[in-house]
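These are the residues of each chain, in order.
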Number of protein chains: 2
Amino acid sequence: MAKRIPIPGNKKLLLEKGDKTYLPGISVDCVIFGFHENELKVLLLQVGQSHQWALPGGFIKKNEPIENAAYRVLQERTGVQNIFLQQFNVFGAIDRSDPSIHLNRYLEYGIKIPKDNWLLQRFITIGFYALIDFSEVNLKDIISEDNVEWMDINKLSSLMMDHSEIVQKALETLRTQLAYLPIGKNLLPKKFTMPELQKLYETILNEKLDRRNFQRKLLSFGILNRLTETKQGGAHKAAYLYTFNEKKYQKALKVGLYGSW
Amino acid sequence: MAKRIPIPGNKKLLLEKGDKTYLPGISVDCVIFGFHENELKVLLLQVGQSHQWALPGGFIKKNEPIENAAYRVLQERTGVQNIFLQQFNVFGAIDRSDPSIHLNRYLEYGIKIPKDNWLLQRFITIGFYALIDFSEVNLKDIISEDNVEWMDINKLSSLMMDHSEIVQKALETLRTQLAYLPIGKNLLPKKFTMPELQKLYETILNEKLDRRNFQRKLLSFGILNRLTETKQGGAHKAAYLYTFNEKKYQKALKVGLYGSW
């Protein structure tokens, strides 16, 4: 007989007493987009022995606001903290829960979950998302029982349950926000060129943009200050450097890029 | 001793067996905004003997997608159907549930709910919203056990639980959408004047807008066709009539008023 791995105490507790601590049937999942030097990634972890990739997610304590649960879960599972999370959508299809995930995970410890266990019920999940500079998160310092990694958004293999759909919906939300809110602070160096800003947009939208249209549109928002300095760029002529106009950037975050009516 | 009202069968069933039919701890609430001739209203119902006004809301069946629950609840409680509902936010503060509402409602029938009954647990609610022409909904034809009414958005007295907050958040979402999506179809007559369109915006934003800026901005979106007809308006000179350019309106619904990048 193969030697069984003993079940860790926290996993046993979650199975047997989780319904005393957590709200039944509802979870949170976090889509953390990371941008750095023209790459858009998403923070994932590899779950259990199945090695399937999944979003960092978890349960809501009975006495915990849903936002707090999202921050806690993200920190507990990936070590990442101090990120502003935004609720974006609830996923509530009846077939989104996959009991076999829990069944298989506990079978590794030789435990068969009873059918009426809380973990096997239908779960609705509340999606939260954020966009940060992934170079500022040092995953090597993170102690997590799962393997945590930044994965290229265009190279996601199939994720656990409906997590691919959750990532897609978060990406759609991010792209919609791009149409009326400013972006770039904390993602670009303090001084940046117009091509660098355009690359940020192109990376998020995953499409090439017309250079002239982009520049005209961005300048019309009034959120950029052009500096007298320029940046020497390889084969091209020197490019002007810009900074964000802090006051106008903050205002646009509130009333939108096109101003109030 | 005062004569007790006998408890209706459905209320008894909800209390005693509701947890067999519905998901625990999660509900849906619908914010239906109605616009007609410069008035913005919200659909409310008066609950139980407390006569407190509340949003039409209810529970999610164990085998029901959350969107379906929102449509069903709206129809069951107000008779209103065939409205496109959009999810906008989840409300999950720990103190948002108010057990006294259920306690008092059942006390009217002389029933004291046990503390561990599912109705008295913490509930998280998923908010859905819509904007329609309220003149097209004939509330007189509706058979509901509750009193259902359109209430002026500026004259809402205190609503049940956190329902005022839910209405406010839905209104914020609507106003944000106004900044980048077209609006007006099905809310204005087929042919309308610029002042009529402006009034729609002013009513939703609850502020006066500058006539020239508004006209310039709206025309720049390219979603309007100006007709050769004019409309005679009282003391003012004749105003041009407009219709929406169906193709461009539909495109703007997808890519936003300012077009794609």
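Keep in mind that what you see is a predicted model, and the values were worked out from it rather than measured.

*Asks:* I would appreciate a short explanation of helix α4 (residues 163-178) of chain A in the present structure.
*Replies:* Every α-helix carries 3.6 residues per turn, so stepping three or four residues along brings you back to the same face. Residue and element names in this part refer to chain A. Taking 1.5 Å per residue, 16 residues should reach 22 Å; α4 reaches 23 Å between its end C-alpha atoms and fits that length. Taken as a whole, α4 has its buried residues at His 163, Ile 166, Val 167, Ala 170, Leu 171, Leu 174, Gln 177 and Leu 178. Down the axis of α4, the buried set is contained in an arc of 135°. They therefore lie on one face. Tucked inside the fold, the buried residues of α4 contact β1 (22-36), β2 (39-47), β3 (52-54), β5 (86-91), β6 (124-133) and α5 (194-205).

*Asks:* For this particular structure, what's the right way to read the packing of helix α4 (residues 163-178) of chain B against helix α5 (residues 194-205) of chain B?
*Replies:* Think of two packed helices as two axes; the pair is described by the angle between the axes and how far apart they sit. Residues and elements named next belong to chain B. Contact geometry of α4 with α5 gives a least axis separation of 10 Å together with a crossing angle of 145°. Note that α4 runs across α5; the crossing there is left-handed. Mapping the contact onto sequence places Leu 171, Leu 174, Arg 175 and Leu 178 in α4 and Tyr 201, Ile 204 and Leu 205 in α5. Classifying every residue of the contact of α4 with α5 gives six nonpolar, no polar and one charged.

*Asks:* I'm lost on the environment of Arg 212 of chain A in this one. Help?
*Replies:* Tracing the sequence through the fold places Arg 212 of chain A in helix α6 (residues 211-220). For the pair Arg 212 of chain A and Pro 195 of chain A, spaced 17 residues apart in sequence, the C-alpha separation works out to 11 Å.

*Asks:* Would you mind showing me how to read the interface of chain B and chain A here?
*Replies:* As a measure of interface size, the accessible area lost when the parts come together is often cited. The interface is formed by 33 residues belonging to chain B together with 33 residues belonging to chain A. Buried surface at the junction of chain B and chain A, summed over both partners, amounts to about 2,800 Å²; 69% is from carbon and sulfur atoms. Sorting the residues of chain B by area buried against chain A places Arg 122, Tyr 258 and Trp 261 of chain B first, and these three jointly supply 30% of that buried surface. Applying the counting criterion to the chain B and chain A interface returns zero salt bridges. One can count ten residue pairs in polar contact (both at pLDDT 80 or more) joining chain B with chain A. Elements that contribute at least two residues to the side of chain B that touches chain A include exactly β1 (22-36), β4 (57-61), β5 (86-91), β6 (124-133), α4, α5 and α6 (211-220) of chain B.

*Asks:* Help me understand unusual backbone geometry, please; the structure alone is not making it clear to me.
*Replies:* Only a minority of non-glycine residues have a phi that is not negative, and only a minority of peptide bonds are not trans. Residue and element names in this part refer to chain B. Located in the positive-phi region is Asn 38, a residue other than glycine, with phi close to 65°. Looking at the element boundaries, Asn 38 is found in the loop between β1 and β2 (39-47). Residues other than glycine seldom take positive phi values, yet Asn 206 does so here, at roughly 55°. When you line up the elements, Asn 206 lands in the loop between α5 and α6. Relative accessible area serves as the criterion here: at 49%, Asn 206 is assigned to the partly exposed category.

Conventions adopted
Residues numbered from 1 in each chain as written. Chains lettered and ligands numbered in written order. Predicted model: local features only at pLDDT ≥ 70, side-chain atom pairs only at ≥ 80, totals over all residues. Heavy atoms only, no water. Helix = DSSP H or I, 4+ residues; strand = E, 2+ residues; numbered from the N terminus. Expected span 1.5 Å × (residues − 1). Buried < 20%, exposed > 50% of the residue type's maximum accessible area, 1.4 Å probe, protein only. Arc of directions from axis to C-beta. Contact = heavy atoms within 4.5 Å. Axes fitted to C-alpha atoms, helices over the stretch in contact; angles between N-to-C directions. Left-handed = near helix turned anticlockwise from the far one by under 90°. Nonpolar A, V, L, I, M, F, W, Y, C, P; charged D, E, K, R; others polar. Buried area = accessible area lost by both parts, 1.4 Å probe. Salt bridge = Lys/Arg side-chain N within 4 Å of Asp/Glu carboxyl O. Polar contact = N/O pair within 3.5 Å; in protein donor to acceptor, adjacent residues only side chain to side chain.

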